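Close look at the chain arrangement
Chain by chain, the residues run as shown.
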Amino acid sequence: MTILVTGATGKLGRLVVEALLERNVPAEQIVAGGRNLSRLADLAQLGVQVRAMDYSDPASLREAFTGVEKLLLVSGSEPGPRVAQHLDVIETAKDAGVQLLAYTSIPNADTTTMALAEDHQTTERALRDSGVPYVLLRNGWYLENYTEQLTGYLKHGSVFGSAGDGRLNGATRADLAQAAAAVLLAEDQAGMVYELGGEESFTLEDLAREVSTATGQAVTYQDLSEEDFSHLLTGAGVPVSFARILADSDSGIARGELLVEGNALATLIGRPATTLGEAVRFAAATLAAQQA
């Protein structure tokens, strides 16, 4: 069985390849696809097949998908243009006879009204209409979306957002990668839909509290209107269109649209998912070591 992981030069895709190796999948049965093969050189040395592919280059997709039985489509990173890219991947997978396509979507894609969900909703509809056997991995909000901002939180003494007291279930990329690997290796996955998030939900006020506890520095949550949060992000250098999407996503959190029910993630990875507190403490310890 040959498994292709797209976006293997990115953070999530790379972790999925590593998770497959950890699960003793023979390296030669794994294909790591990406635009910059130099970033996959170490995987190639382990025996992993590395193939050049670009979502925007259908010819590269056709070549990369040759002989592939299962495929993980890690969603593109650029909202808007990625829809056409996803459709090209799906069509190419169908032509190549791929037996299972796993797609990384967004929680509660059936009901959410978040702007960020639109591309995922379109992709899910295309999968349903394609005839390609598929499984949906509706990945929760990355905890890294927060822990990677630790320096900024400490600098300003605040976590800023427009999520109110809305709760969400975050998960680390590593846990979500392990879940993806488990699904790719399991039987009878076609048609399955997994809502993936940690067992413990939290608010952004909880996030600020965890940062304070882990670092010993007082950090509070500053709740803003969606418009004001968007302006704050733009002022910090975030492109206007993406700032609006991020602020809208916080409003989605306020509505509970990133709150995941059930324990699918823990079931797939065979252990409790990493908690917010654990992720924040790890990030704080890493930052302290870098500053020592």
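Just above sits the structure.
Report follows, based on the coordinates. As the structure is a computational prediction, the values presented were derived from the model and not from experiment. (Residues numbered from 1 in each chain as written. Predicted model: local features only at pLDDT ≥ 70, side-chain atom pairs only at ≥ 80, totals over all residues. Heavy atoms only, no water.)

Description of the overall build of the chain
Going by this rule: Secondary structure elements are defined from DSSP: runs of H or I of at least 4 residues count as helices, runs of E of at least 2 residues count as strands, and each element is numbered from the N terminus. The globule rule is 2.2 Å times the number of residues to the power 0.38, and the radius of gyration it is compared with is taken over C-alpha atoms. The buried label goes to any residue with under 20% of its type's maximum accessible area, the exposed label to any with over 50%, and the partly exposed label to all in between, with areas taken from a 1.4 Å probe on protein chains only.
Looking only at helices and strands, the chain features 13 helices and nine strands. Expected size for 292 residues packed as a compact globule is a radius of gyration near 19 Å; at 19 Å, the chain falls within 12% of this value. Projected onto the principal axes, the alpha-carbon positions of the chain cover approximately 55 × 40 × 35 Å. Within the chain, the fraction of its 292 residues that count as buried is 52%.

A word on the nonpolar core
What counts is decided by this rule: By nonpolar core we mean a set of buried residues, namely Ala, Val, Leu, Ile, Met, Phe, Trp, Tyr and Cys, connected to one another through side-chain atoms within 4.5 Å. Between two residues, a contact is recorded if the distance between any of their heavy atoms is within 4.5 Å.
Grouped together as the largest cluster of nonpolar side chains are 57 residues, with contacts concentrated most on Val16, Phe65, Leu71, Leu72 and Leu101. A total of eight residues in this core trace back to one element, the largest contributor, which is helix α8 (residues 173-185). Those residues in contact with leucine 101, other than ones at most four positions away along the chain, are Leu71, Leu73, Ile90, Ala93, Leu127, Val132, Pro133, Tyr134 and Val135.

Here's the deal with helix α4 (residues 82-96)
Because the α-helix completes a turn every 3.6 residues, residues three or four places apart line up on one side. Definition in use: To estimate the expected span of a helix, subtract one from its residue number and multiply by 1.5 Å.
The end-to-end C-alpha distance of α4 is 21 Å, a good match for the 21 Å that 15 residues give at a rise of 1.5 Å each. All of the buried residues along α4 are Arg82, Val83, Gln85, His86, Val89, Ile90, Thr92 and Ala93. Lining the buried residues of α4 we find α3 (58-64), β4 (70-73), β5 (100-105) and α5 (118-130).

Side note on the layout of surface pockets
Operational definition: Detection works on a 1 Å grid of protein atoms alone, calling trapped sets that fit a 1.4 Å probe cavities and calling open sets with protein on both sides within 12 Å along at least five of seven lines pockets, with lining residues defined by an atom within 4 Å of a point. Grid points are joined across faces, edges and corners, and a volume is the space filled by probe spheres set on the points. For this scheme, ten residues count as nonpolar: Ala, Val, Leu, Ile, Met, Phe, Trp, Tyr, Cys and Pro. Four count as charged, namely Asp, Glu, Lys and Arg, and the remainder, Gly too, count as polar.
Estimates place the volume of the second largest pocket at around 420 Å³. Every residue lining the second largest pocket is counted, 17 residues in all, and those nearest its centre are Glu144, Thr147, Glu148, Phe282 and Ala283. Those elements that place two or more of their residues in the lining of the second largest pocket are α1 (11-22), α6 (144-147), α7 (150-156) and α13 (276-291). When residues in the lining of the second largest pocket are grouped by element, the largest group, seven residues, is from α13. Per-class residue counts for the lining of the second largest pocket are seven nonpolar, five polar and five charged.

Notes on α5
The terminal C-alpha atoms of α5 lie 18 Å apart, and with 13 residues this matches the ideal 18 Å at 1.5 Å per residue to within 8%. Regarding α5, the residues found buried are Asp119, His120, Gln121, Thr123, Glu124, Ala126, Leu127 and Ser130. Summarising the contacts, the buried residues of α5 are in contact with α4, β5 and β6 (134-139). Glycine 131 sits one or two residues past α5 and shows a positive phi near 85°.

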